[in-house]
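Coordinates in review
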Amino acid sequence: MTLDRFSERHHGRAVFAAMEPDHRAVLGAVREELFAAGYDEDGIHALAGMPLLEIHPATFHYLDRHVLGTDPLSAAIRLFLLDRTVDEQSVSSFLSEASVEVLLELGVLARSGGDLRSQIHITCVDGLLLATDTGRYSQWWDGVDDLGDRVMYIGYDSVGLAQVAPRDRVARTLDLCSGSGIQALVASRYSDEVVGVDLNPRAVRFARFNAALNGIENATFVRGDLFGPVEGREFDRVLSNPPFAPEVPGESHLYYRDGGPDGERLLARIVAGAGQVLAPGGLMPITTDLFNLSGLPRRIGEWLGAKGAFDVLVLVERELAAWSYADTHAAHAPTAVERTAYAARMVDAMDEAGIESVHTGYIVVRKRADGSSRPGTVETVPVAPAVTRPVGSRVADHFRFLDRDLDGGADAVLRTNPKVRLVTTALPDGRRTYRLVAPDDDYVADMDISDLARKLWEATLASDVRWSVIRGSALEPVARDLVRHGALALADQRAEPTPESTWSSQMNGTK
Ligand SMILES: C[S@@+](CC[C@H](N)C(=O)[O-])C[C@H]1O[C@@H](n2cnc3c(N)ncnc32)[C@H](O)[C@@H]1O
């Protein structure tokens, strides 16, 4: 029995099936009431003593019994994050009667004796409230044996993609594989119009609810297979967090998880669609596990086909050992024996599919606006082990550099990233080693640099270094490497800092 069948059987209809346009106003009140109780990323972190993304089933009992109190925020956390029943009086300390009524009507809340319980989780990301399905072993899902239509939780991949995507103003954004709608809803702030597409009808209902809960009116969600519902349309930005886990033979299918035997079934189709769906100059940021990284640039080139019209940036977070990757995916198993068995089947399936290495990361495809015949580029850049803070302006800098470089960068100068620091270590034999570190910038991975690079770094800190002088000199490869890692960027020599230039504004202390 799927989750939708379960809700229909036990509650008369599937969750959110009763949504009507006039629910928007009451849902706006629900949002305000939750915020008034302190139900946001910072409030929950402070009270629970852990970031929201780290709240998972193993922490529920501990938080419920040993950390949370009797205040309204504690009651809201128990109801919407910990799968606990909460007495109606405690719920009334943070939700009005009208809000409780609408949440009952939409199948979010259910009465259980004199208490209320929630069939969904509500997570907070980037100032948004996002409904997702509860955990895999929710005590409320007695009799559910097919979790295929489960709407995915907010994971590090979800948050990371929202942070990697540049947030400059665009007209049209497409969110492929929208799930809860997180990408589309974050993008609704910098896009005139957003369309989210998901194959799972339950996910489409969750995303529509989330748009209404957050008072967002410029995002629509449709059911369909990838580009199907938007055929013939072009978008400035296409975001995607597709299912990318390698399938384990014999396991039931999950919409949000299964990416075919090699994990790349949907990824390959999405990248291959870039030519049709991206407007000239458009960007396609994707989050995915990166399998067999060394062969990835070649595969991306094959998927893109007309390689010359694209530039691609691959951001690599961290490598995972195959056993550890499989063990993470087996975490849902109810017993240790089943967990070990599932992980073993997954390791075998990965081996069978020829997967030799796994990294977490992102692929950003840019369709060139200039239509020039210069060969396409695929650059691979290491970033922080888990991107959780905005790096979109760095991603934009990467593509801007390619364009400035192409036109010779006549007036451009190198600028240091103000978040990067040089650490010098004196060795006992008198030699020195140099390392660039940027603990506050998730784009910049720690980087050991040569003495020549150190000299360039210090020269750039002291005064404007012209790109046209560096080009063609012995320093060019060193400078390119620092630019590629986000430690240096090109800027206009005489230009006043512009508001959208993160680096310039950081240097002026406004960010
Ligand atoms: C990994 S989840 C991503 C959810 C959300 N975008 C996020 O970032 O958290 C993948 C989503 O892709 C959807 N999906 C799977 N196959 C699809 C297809 N062929 N076309 C559209 N959506 C699909 C699943 O239903 C699921 O909601």
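Residues numbered from 1 in each chain as written. Predicted model: local features only at pLDDT ≥ 70, side-chain atom pairs only at ≥ 80, totals over all residues. Heavy atoms only, no water.

**Remarks on the overall build of the protein chain**
Applicable threshold: Comment: elements are numbered from the N terminus, with helices defined as DSSP H or I runs of at least four residues and strands as E runs of at least two. The size measure is the radius of gyration over C-alpha atoms, and the globule rule it meets is 2.2 Å times the number of residues to the 0.38 power. For every residue, the accessible area (1.4 Å probe, protein chains only) is compared with the maximum for its type, and the residue is labelled buried under 20%, exposed over 50%, or partly exposed between those bounds. Contacts are assigned to residue pairs with any non-hydrogen atoms lying within 4.5 Å of each other. Accessible surface area values rest on a Shrake-Rupley calculation with a 1.4 Å probe, where residue burial reflects the displayed protein chains alone. In this tally, Lys and Arg are treated as positive and Asp and Glu as negative; His is ignored, and so are the chain termini. In this description, the location of a charge corresponds to atom NZ of lysine, CZ of arginine, CG of aspartate or CD of glutamate.
When helices and strands are tallied, the protein chain shows 20 helices and 19 strands. Here the C-alpha atoms of the protein chain give a radius of gyration of 24 Å, agreeing with the 24 Å that 2.2 N^0.38 yields for 511 residues. Along the first, second and third principal axes, the C-alpha set of the protein chain runs to 75 × 55 × 50 Å. In the protein chain, which comprises 511 residues, the share counted as buried stands at 55%. Relative to all contacts within the protein chain whose residues are 6 or more apart in sequence, the contacts with residues 24 or more apart total 71%. When the accessible surface of the protein chain is split by element, carbon and sulfur atoms take 51% of a total near 21700 Å². Here the protein chain contributes 53 positive and 73 negative side-chain charges, whose respective centroids are spaced 4 Å apart.

**A look at helix 11 (residues 265-272)**
Within the sequence span of helix 11, burial applies to Leu266, Leu267, Ala268, Ile270 and Val271. Of the surrounding secondary structure, the elements contacted by the buried residues of helix 11 are strand 6 (170-176), strand 9 (235-240), helix 12 (274-277), strand 10 (278-291), helix 13 (296-304) and strand 12 (358-367).

**Let's talk about the site of the ligand**
Stated precisely, the cut-off is as follows: Distances are taken per atom, and a residue is near a molecule or strand as soon as one of its heavy atoms is within 4 Å of it.
Looking at the ligand, there are 19 residues lining it, with Ser158, Cys177, Asp198, Asp225 and Asn241 nearest. Here the ligand, which alone exposes 600 Å², has 97% of that area covered by the protein.

**A few points about the pattern of salt bridges**
Note the cut-off: Any Lys or Arg side-chain nitrogen found within 4 Å of a carboxyl oxygen on Asp or Glu counts as a salt bridge.
On inspection of all chains with the given rule, the structure shows 42 salt bridges. Across the salt bridge formed by Glu264 and Arg299, the nearest N and O atoms sit 2.7 Å from each other. With Glu264 in the loop between strand 9 and helix 11 and Arg299 in helix 13, this residue pair connects regions lying 35 residues apart in the sequence. Each member of the pair, Glu264 as well as Arg299, carries the same accessibility label: buried. A salt bridge links Arg298 to Glu302; the shortest N-O distance between them is 3.0 Å. Highlighted residues: Arg298 and Glu302, both in helix 13, separated by four residues, approximately one helical turn.

**So, the packing of helix 17 (residues 451-462) against helix 19 (residues 476-484)**
Describing two packed helices takes the angle between their axes plus the distance from one axis to the other. Here is the rule we go by: Only C-alpha atoms enter the line fits that serve as axes; for helices the fit covers just the stretch in contact. Angles between N-to-C directions range over 0 to 180 degrees. Oblique is the label for any angle not covered by the other classes, which are roughly parallel (under 35 degrees), roughly antiparallel (over 145) and roughly perpendicular (65 to 115). Residues are grouped as follows: Ala, Val, Leu, Ile, Met, Phe, Trp, Tyr, Cys and Pro are nonpolar; Asp, Glu, Lys and Arg are charged; all remaining types, including Gly, are polar.
Direction vectors running N to C along helix 17 and helix 19 enclose 70 degrees, while the axes themselves pass 10 Å from each other. It follows that helix 17 is roughly perpendicular to helix 19 by the angle criterion. For the pair formed by helix 17 and helix 19, the contact residues are Leu452, Ala453 and Leu456 on the first element and Val478, Ala479 and Leu482 on the second. When grouped by side-chain class, the residues that make up the contact of helix 17 with helix 19 number six nonpolar, no polar and no charged.

**Structural notes on the pairing of strand 4 (residues 120-125)**
Spelled out, the test is: Think of it this way: DSSP has to see at least two bridges between two strands before they count as a pair.
For strand 4, the buried fraction is high: six of the six residues fall into the buried class. Here strand 4 pairs with strand 5 (residues 128-133) via six bridges, running antiparallel. Bridging across to strand 5, Ile120 finds its partner in Asp133. Counted along the chain from strand 4 to the antiparallel partner strand 5, the turn is two residues long, and its residue Asp126 has a positive phi close to 55 degrees.

**Describing empty space enclosed by the protein**
If a probe as big as a water molecule is rolled over the atoms, it shows which places are left empty. Let me state the cut-off plainly: In this analysis the probe radius is 1.4 Å and the grid spacing 1 Å, with only protein atoms considered; a cavity is a set of points the probe fits into but cannot get out of, a pocket is an open set with protein on both sides within 12 Å along at least five of seven lines, and lining residues have an atom within 4 Å of a point. Grid points are joined across faces, edges and corners, and a volume is the space filled by probe spheres set on the points. Start and end positions for the domains come from either an automated domain assignment or a database one.
Scanning the entire structure with this criterion turns up two cavities of 30 Å³ or more. Space inside the largest cavity adds up to approximately 50 Å³. Lining the largest cavity are Asp397, Arg400, Phe401, Arg404, Val483, Ala489 and Leu490. Within the residue set of the lining of the largest cavity, elements represented by two or more residues are helix 16 (392-406) and strand 19 (488-492). If you tally residues by element for the lining of the largest cavity, the top one is helix 16, at four residues. Across the lining of the largest cavity, the residue classes break down as four nonpolar, no polar and three charged. For the lining of the largest cavity, the two domains that each supply at least three residues are domain 2 (156-406) and domain 3 (412-507).

**Observations concerning the nonpolar core**
Burial of nonpolar side chains together is a common tendency in soluble globular proteins. The following threshold applies: Grouping buried Ala, Val, Leu, Ile, Met, Phe, Trp, Tyr and Cys residues that are joined through side-chain atoms within 4.5 Å yields what is termed a nonpolar core.
Tyr39, Phe80, Phe94 and Leu103 are the most contacted members of the largest nonpolar core, which has 47 residues in total. For this core, the secondary-structure elements that each account for two or more residues are helix 2 (23-36), helix 3 (41-48), helix 4 (57-67), helix 5 (72-80), helix 7 (97-105), strand 4, strand 5 and helix 10 (201-213). With six residues, helix 5 is the single largest residue contributor to this core. Looking at which domains feed residues into this core, each of domain 1 (3-119) and domain 2 (156-406) supplies at least three. With 37 residues, the next largest nonpolar core counts Leu313, Val391, Ala438 and Ala453 among its residues.

**Thoughts on the environment of Phe209**
You can see Phe209 is positioned in helix 10. Along the chain, Phe209 and Gly250 lie 41 residues apart, while their C-alpha atoms are 34 Å from each other.

The quantities given are spatial measurements derived from coordinates; they are silent on function.
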